[in-house]
Amino acid sequence: MKYLFVCILMSSLLYSCNNFGKQAMQIIYDDSVDVNALDTTPAIVVDTLQLRNASDEVKSFYEKNEYKLGWASATNRKQLVDAIYSLQYDGLGIAKYNIDIIEGYHKRYETLSNEDKVKADVYFSNAYTKAIDHLLNGMLNARRLYNDWDIDRKELNPSSTMLLALSNEAIANSFDSIRPKQDMYTKYRTKMEGLYALEQDTLKVFKGTKLNDTLLSIVAVKKHLSFLNYLKDVDTSDVTYNTAIAAGVKKYQANNKLTPSGYLDDKTKQTILAEEELIKKKLMVNLERWRWFPREFGEHYILINIPDFHLVAVSNNDTIQKLKIVVGKTERKTPILSSKLTTVVINPTWTVPPTIMKNDLIPSAKSNLGYFASRNFTIYNSAGKVVEPANWNADKGTSYRYVQKGGVGNTLGRIKFMFNNNHAVYLHDTPSKWGFDKNQRALSSGCVRVQNPFDLAQFVFDIEETNLSKEKVKEVLDSEKTSNYGTSKVPIEIHQLYWTMQIDKKGQITYINDLYEYDDNLYKRLLN
């Protein structure tokens with residue numbers, strides 16, 4: 001399906017996609033829309049030779065703009081400079097957009113020769129197209145970083161979007177329109193903005209100060225404690241060392257196993273700065289991930305945060321259920337993906353996947369042929385014919401297909417939730433209920449085990465209006481007959497994602513264990 005326009009509103013006011021108020025901007029995602037060239041004065045011509053090192057998107061822009069300047073408007077240039085600076089709050093290093101060069105060109109623009117105006121124009125265009133691509137899809141390509149990444153990059157027509165933004169002097173709004181609108185991204189970004197504000201301050205050590213003494217350096221202390229949620233209602237004009245500040249420092253010291261003196265000693269200062277550096281790192285990597293994620297999760301969806309060991313079932317922005325899950329071990333990671341639920345299977349059979357076949361089933365069966373009967377496995381040869389365990393050739397073990405009968409004792413439990421993906425994974429029940437009692441629940445071979453899966457099934461059946469009562473479900477279970485229920489009536493999306501930092505409405509940070517140790521490597525790549 002092609003999208004002509006996606007209109008994203010930047011305030012609570014409603015705007016038509018045909019109007020260009022200052023709060024809305026149209027983003028063009030494909031090449032099916034023609035945008036008129038700018039009416040640029042003076043009409044300085046851009047020579048194609050001057051574009052030889054430009055990206056394809058920039059070349060396309062100048063072709064659509066009839067090889068005229070695009071950035072003659074001071075308003076557009078100023079918006080671009082400001083928008084590039086604001087990217088630091090998105091966790092993006094602004095040096096890669098040549099901010100010093102484009103800001104210099106903007107400030108000197110009226111004194112530039114025609115040749116230099118063309119050079120400047122190409123710099124502006126390069127910075128814009130690179131920045132909006134990074135805001136839409138992230139600075140790095142996730143598929144190149146991870147073998148188990150199964151979320152597509154989002155399409156965009158940068159040249160037409162830039163031309164439209166320039167026509168309406170809406171550069172800043174186009175940046176805002178492309179940014180992820182998920183609540184968590186906004187909270188990350190707000191926290192990063194607060195962090196950059198702190199970097200304008202210098203923490204100074206102080207000792208022996210008495211309560212109600214005046215201390216100019218106390219303002220910076222108050223800002224840092226407030227950022228770390230140890231102080232509320234900060235008045236930066238008040239330079240008094242009062243009981244609230246002393247208590248905030250003591251609480252911070254106690255929580256970080258430091259001597260709770262109430263004074264900012266060197267060790268406390270270094271601990272604060274180290275924590276803020278950690279926050280910056282976590283913000284950067286998680287902001288990048290949320291740019292990789294889908295922009296919309298759907299009206300009805302199941303959302304899994306892999307390292308948090310939980311899923312939520314959401315309908316019309318209302319969280320209906322939150323359930324514990326078991327995810328893949330470090331050596332058999334649960335993949336990151338987005339898909340749509342296709343089928344709910346009661347009394348599922350289980351066909352052993354290659355990895356488990358090689359590492360688990362074949363070694364177990366070699367030492368005990370009774371393994372197959374004890375676990376209700378049927379062996380099929382390459383022709384699809386049943387092979388008796390006595391005739392099974394262990395040396396050719398990987399040439400067979402092993403299917404476990406549905407019912408009590410099945411590895412998948414009594415129900416599974418199917419969706420299309422490239423990793424042969426799904427959500428399912430499990431006979432191993434003990435796993436849900438653990439705090440660290442990376443125990444599976446890649447699929448996601450769900451606690452109380454029939455509660456999740458009820459969520460699905462309610463949305464799909466499947467006429468399946470609890471009594472009918474029990475009847476199907478008791479029959480041990482495999483039964484499939486399609487979920488095509490109403491789309492229910494599945495999102496298996498990965499993030500390691502949570503921020504609540506008050507700005508309080510909760511760290512989530514980096515289960516697969518993705519953060520450090522991603523952070524290094526982002527810095528480079």
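Throughout this document, residue positions are counted from 1 along each chain, in the order its sequence is written. pLDDT decides what is reported in this predicted model: residues at 70 or higher carry local features, side-chain atom pairs at 80 or more are listed and counted, and totals for whole chains, interfaces and linings draw on all residues regardless. For side-chain calculations, the full set of non-hydrogen atoms in the structure is used, while hydrogens and water are omitted.

Side note on the overall build of the protein
What counts here: Numbered from the N terminus, helices here are DSSP runs of H or I no shorter than four residues, and strands are runs of E no shorter than two. When checking whether two residues touch, look at their non-hydrogen atoms; a contact exists if any pair is within 4.5 Å. Computed with a 1.4 Å probe, the accessible areas rest on the Shrake-Rupley method; for each residue, only the protein chains presented here act as cover. When charges are counted, Lys and Arg are positive and Asp and Glu negative, with His and the chain ends excluded. Every charge is mapped to an atom, namely NZ of Lys, CZ of Arg, CG of Asp or CD of Glu.
Looking only at helices and strands, the protein features 16 helices and 19 strands. Principal axes of the C-alpha set define a box for the protein whose edges measure 90 × 70 × 45 Å. Sequence separation of 24 or more characterises 69% of the internal contacts of the protein that already satisfy a separation of 6 or more. By element, 47% of the accessible surface of the protein is carried by carbon and sulfur atoms, the whole surface being about 26,100 Å². Here the protein holds 68 positive side-chain charges and 62 negative ones, and the gap between their average locations is 6 Å.

Some points on helix α10 (residues 243–255)
Rules: Take the number of residues in a helix, subtract one, and multiply by 1.5 Å to get its expected span. Using a 1.4 Å probe on the protein chains alone, a residue whose accessible area is under 20% of its type maximum counts as buried, one over 50% counts as exposed, and one in between counts as partly exposed. The directions from the helix axis to the C-beta atoms are what the arc is built from. Two N or O atoms form a polar contact when they lie within 3.5 Å of each other; inside protein one atom must be a possible hydrogen donor and the other a possible acceptor, and for residues adjacent in sequence the pair counts only when both atoms belong to side chains.
The terminal C-alpha atoms of α10, which comprises 13 residues, lie 18 Å apart, in line with the 18 Å expected from a rise of 1.5 Å per residue. Within α10, burial applies to Ile245, Ala246, Gly248, Val249, Tyr252 and Gln253. For α10, the angular spread of buried residues about the axis comes to 160°, placing them on one side. The secondary structure elements touched by the buried residues of α10 are α9 (218–227) and α11 (266–292). Where α10 begins, the capping side chain belongs to Asn242, and its oxygen is found 3.2 Å from the backbone nitrogen of Ala244. Backbone geometry just downstream of α10 places Lys257 in the positive-phi region, at approximately 60°.

Some thoughts on the environment of Ile132
Within the element layout of this structure, Ile132 appears in helix α4 (residues 114–137). The class for Ile132 is buried, based on a relative accessible area of 0%. Linking Ile132 and Leu278, residues 146 residues apart in sequence, is a C-alpha distance of 27 Å. Discounting chain neighbours no more than four positions away, the residues touching Ile132 are Leu156, Pro158, Thr161, Phe175 and Ile178.

Brief notes about the pairing of strand β9 (residues 377–380)
As a reminder of what qualifies: Two strands qualify as a pair provided DSSP detects at least 2 bridges between them.
Pairing geometry for β9 and strand β11 (residues 401–404), over 4 bridges, is antiparallel. Within the sheet, the bridge partner assigned to Ile379 lies in β11 and is Tyr402. Direction of pairing for β9 relative to strand β10 (residues 386–387): antiparallel, over a ladder of 2 bridges. Note on β10: the bridge partner recorded for Tyr380 is Val386.

Comments concerning the packing of aromatic side chains
Applicable threshold: Any Phe, Tyr or Trp ring, taking Trp's six-membered ring, that has another such ring centre within 6.5 Å forms a pair; planes under 30 degrees apart are called stacked, those over 60 apart edge-to-face, and the others tilted. By definition here, charges over rings are those cases where NZ of Lys or CZ of Arg is within 6 Å of the ring centre and within 35 degrees of the ring normal.
Here the structure, examined in full by the defined rule, presents 29 aromatic pairs. Ring centres 5.9 Å apart and planes at 5° place the aromatic pair Phe372 and Tyr402 in the stacked group. Placement of the pair is Phe372 in helix α13 (residues 370–374) and Tyr402 in strand β11, with a sequence separation of 30 residues. Classification of Phe372 by relative accessible area gives buried; the value is 0%. A residue is classified by how much of its surface remains accessible, and Tyr402, at 0% relative accessible area, is buried. A centroid spacing of 6.0 Å and a plane angle of 70° characterise the contact between Phe461 and Tyr485, whose relative ring orientation is edge-to-face. With Phe461 in helix α14 (residues 453–464) and Tyr485 in strand β16 (residues 483–486), the pair connects residues that are 24 residues apart, well separated along the chain. Grouping residues by exposure puts Phe461 and Tyr485 together as buried. When the ring centre of Phe227 is taken as origin, the NZ or CZ atom of Lys191, which lies over that ring, is 4.7 Å away. Note that Lys416 overlies the ring of Tyr426, its terminal NZ or CZ placed 4.8 Å from the centroid.

What to know about the confidence of the model for the protein
Inclusion rule: What pLDDT conveys is the predictor's confidence in a given residue, as a value from 0 to 100.
Averaged over all residues, the pLDDT of the protein equals 92, while 95% of them reach at least 70. Long-range and interchain partners of residues 1–23, a stretch whose pLDDT sits below 50, account for 50 contacts in this model, where long-range means more than four residues apart.

Structural notes on the sheet that holds β11
Ordered in space as β8-β11-β9-β10, the 4 strands form an open sheet in which the pairing is antiparallel. The strands lining the two open edges of the sheet, one partner per strand, are β8 (350–351) and β10. Here β8 runs beside β11; their pairing, made up of 2 bridges, is antiparallel. Residue Trp350 lies in a different strand from β11, and its bridge partner there is Gln404.

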